Amino acid sequence: MNIPKLDIGGLLAEIPIIQGAMGIGVSGPELAAAVANEGGVGVIAGVNIGYNEPDFKTNTLAANLRALKKQIKQARQLAPKGIIGINLMVAMNHYIEIAHAAVHEGIDLIISGAGLPTNLPETVQGFKTRIAPIVSSGKASKIILQYWDKHYGRIADMVIVEGPEAGGHLGFSQEILNAQNKPSVIDIVKEVIAAVKPFEEKYKKNIPVIAAGGIYTGSDIADCLNAGASGVQMATRFVATDECDADIRFKEKYIAAKNDDVVIIKSPVGLPGRALNNKFIQELDEYREKIAGCVQCLKGCNPKVAPYCISTALINAVRGNIDDGLVFVGSNVYKIDKIVSVKSLIEELLNEMALAPNQ
Ligand SMILES: Cc1cc2nc3c(=O)[nH]c(=O)nc-3n(C[C@H](O)[C@H](O)[C@H](O)COP(=O)(O)O)c2cc1C
């Protein structure tokens, strides 16, 4: 197939591949810049981005804001011509302050999910930063676009559709995730394309719809594009790269993973999540006892009743303390067998896409 570019509200990515954000710290400036340098979109994970700052536990917001600015600058230095985005979870405390800081630092794009980002447009007013919600159904895309249209007189620059095979938090019930006949991301992409159409007509603007979750090969990418998607967002595959910002033990866990190591867990964010079964998952009850030093990162998370501290668990994992960590994965993790450079991964994907037919 011919490899199309991806136009995000006038920002032109040479290839239609977005590297999905992976928090905490798994997709930092190194990975985002490497993907951006290959012509894709690199996305830094914004959630608790300041976890390595010395005052993270005592002065969390200031530590997060400082790290955010540092990481955006660093990514820009590494990829001066590339497109760099930030991902902010709606469930995060201080969402607006952090979004404002990213916009003032000149971030190209904010991608936002784990809830509907109703007030995202107000953070970019007067700036060129593009905005994209993550949704898991046509209905959710309609709700958010209607809200933005009514309250801000604008629409999204792109909509990302995350299907049930994705890693991290998932916008589906446990029942749907466990069902044999769960919808495919392609089914949902088609629904979302239909839902955004009236808004594209009203605003005379193209809204690219992106497929995410379980996309592994160039042929998978071609299938999404042939179904009408304008691009894909991929995360799991980018973990097994030299440039991924996580500890080597995190990457090795991906390489060792088998299909039946993948489990669906309940997260304190209030959504199910997909992760690797490990000591942490098997002994969750003990981690509930150990909650200490809460930094109040999530709206609505009460450390007195939370099943475990998700922030501590994700930080343990990215630092390579896997036994005590929560290792989020996409359902295709078991296919990964080696660590490669971002350049060679993208070359492989593009070669496979080139071999696929245009439909
Ligand atoms: C380790 C890990 C962490 C993730 N963290 C986030 C996050 O912080 N915010 C978010 O919106 N999505 C997050 N995701 C979801 C990805 O950005 C992406 O959309 C999804 O995993 C795509 O599916 P794939 O991994 O099968 O390619 C995470 C996924 C993984 C594997």
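Residues numbered from 1 in each chain as written. Predicted model: local features only at pLDDT ≥ 70, side-chain atom pairs only at ≥ 80, totals over all residues. Heavy atoms only, no water.

An unreviewed UniProt entry lists the chain under the name Dihydroorotate dehydrogenase, from bioreactor metagenome.

Visitor: How should I be thinking about the site of the ligand in this particular structure?
Guide: Taken together, 21 residues lie around the ligand, and Ala21, Glu162, Gly214, Gln233 and Thr236 are the ones closest in. A distance of 3.0 Å separates an oxygen atom of the ligand from a polar backbone atom of glycine 167. In the complex, 95% of the free accessible area of the ligand, which totals 610 Å², lies under the protein chains. Counted by class, the shell around the ligand contains 10 nonpolar, nine polar and two charged residues. (Near = heavy atom within 4 Å. Polar contact = N/O pair within 3.5 Å; in protein donor to acceptor, adjacent residues only side chain to side chain. Areas by Shrake-Rupley, 256 points an atom, 1.4 Å probe, with all protein chains shown as cover. Nonpolar A, V, L, I, M, F, W, Y, C, P; charged D, E, K, R; others polar.)

Visitor: Before we go on, may I ask you to explain the side chain of asparagine 278 in this structure?
Guide: Along the chain, the position of asparagine 278 falls in the loop between β13 (272–276) and α11 (279–282). Look at asparagine 278 and you get buried, because its relative accessible area is 5%. Within the local environment of asparagine 278, its side chain forms a polar contact with the backbone oxygen of isoleucine 322, the two atoms lying 3.0 Å apart. At 2.9 Å, the side chain of asparagine 278 forms a polar contact with the backbone oxygen of glycine 325. With sequence-adjacent residues up to four places away left out, asparagine 278 is seen in contact with Ile322, Asp323, Gly325 and Val327. (Helix = DSSP H or I, 4+ residues; strand = E, 2+ residues; numbered from the N terminus. Buried < 20%, exposed > 50% of the residue type's maximum accessible area, 1.4 Å probe, protein only. Contact = heavy atoms within 4.5 Å.)

Visitor: When you look at the sheet that holds β13 in this model, what are you seeing that I'm missing?
Guide: Strand pairing within a sheet occurs via backbone hydrogen bonds; the two strands may be parallel or antiparallel. With antiparallel pairing, three strands are arranged side by side in an open sheet as β9-β13-β12. The sheet is open, and its two edges are formed by β9 (168–169) and β12 (262–266), each paired on a single side. Two elements, β12 and β13, share five bridges in a ladder whose sense is antiparallel. Bridge pairing links isoleucine 265 to glycine 273 in β13. (Pairing = 2+ DSSP bridges.)

Visitor: Would you take a moment to explain the pattern of salt bridges for this structure?
Guide: Where side chains of opposite charge bring their charged atoms close, a pairing between them can arise. The final tally for this structure, using the stated rule, is 16 salt bridges. Its salt-bridge partner being arginine 66, residue aspartate 55 comes within 2.7 Å of it at the nearest N-O pair. With aspartate 55 in the loop between β4 (41–45) and α2 (60–78) and arginine 66 in helix α2, this residue pair connects regions lying 11 residues apart in the sequence. Across the pair lysine 279 and glutamate 283 runs a salt bridge, and its minimum N-O distance is 3.6 Å. (Salt bridge = Lys/Arg side-chain N within 4 Å of Asp/Glu carboxyl O.)

Visitor: Is there a simple way to think about the pairing of strand β5 (residues 83–89) in this case?
Guide: Strand residues, when the strand is regular, have side chains that alternate between the two faces of the sheet. Of all seven residues that make up β5, seven are buried, and the element is covered over most of its length. With burial as the criterion, each face of β5 is covered, one bearing Ile83, Gly85, Asn87 and Met89 and the other bearing Ile84, Ile86 and Leu88. Pairing between β4 and β5: five bridges, direction parallel. If you follow alanine 45 over to β5, its bridge partner there is asparagine 87. Bridge count for β5 against strand β6 (residues 109–113) is five bridges, and the pairing is parallel. Opposite glycine 85, over in β6, you have leucine 109 as the bridge partner. Read from β5 through helix α3 (residues 95–104) to β6, the crossover connection turns out right-handed. (Right-handed = clockwise from strand over helix to strand, strands pointing away.)

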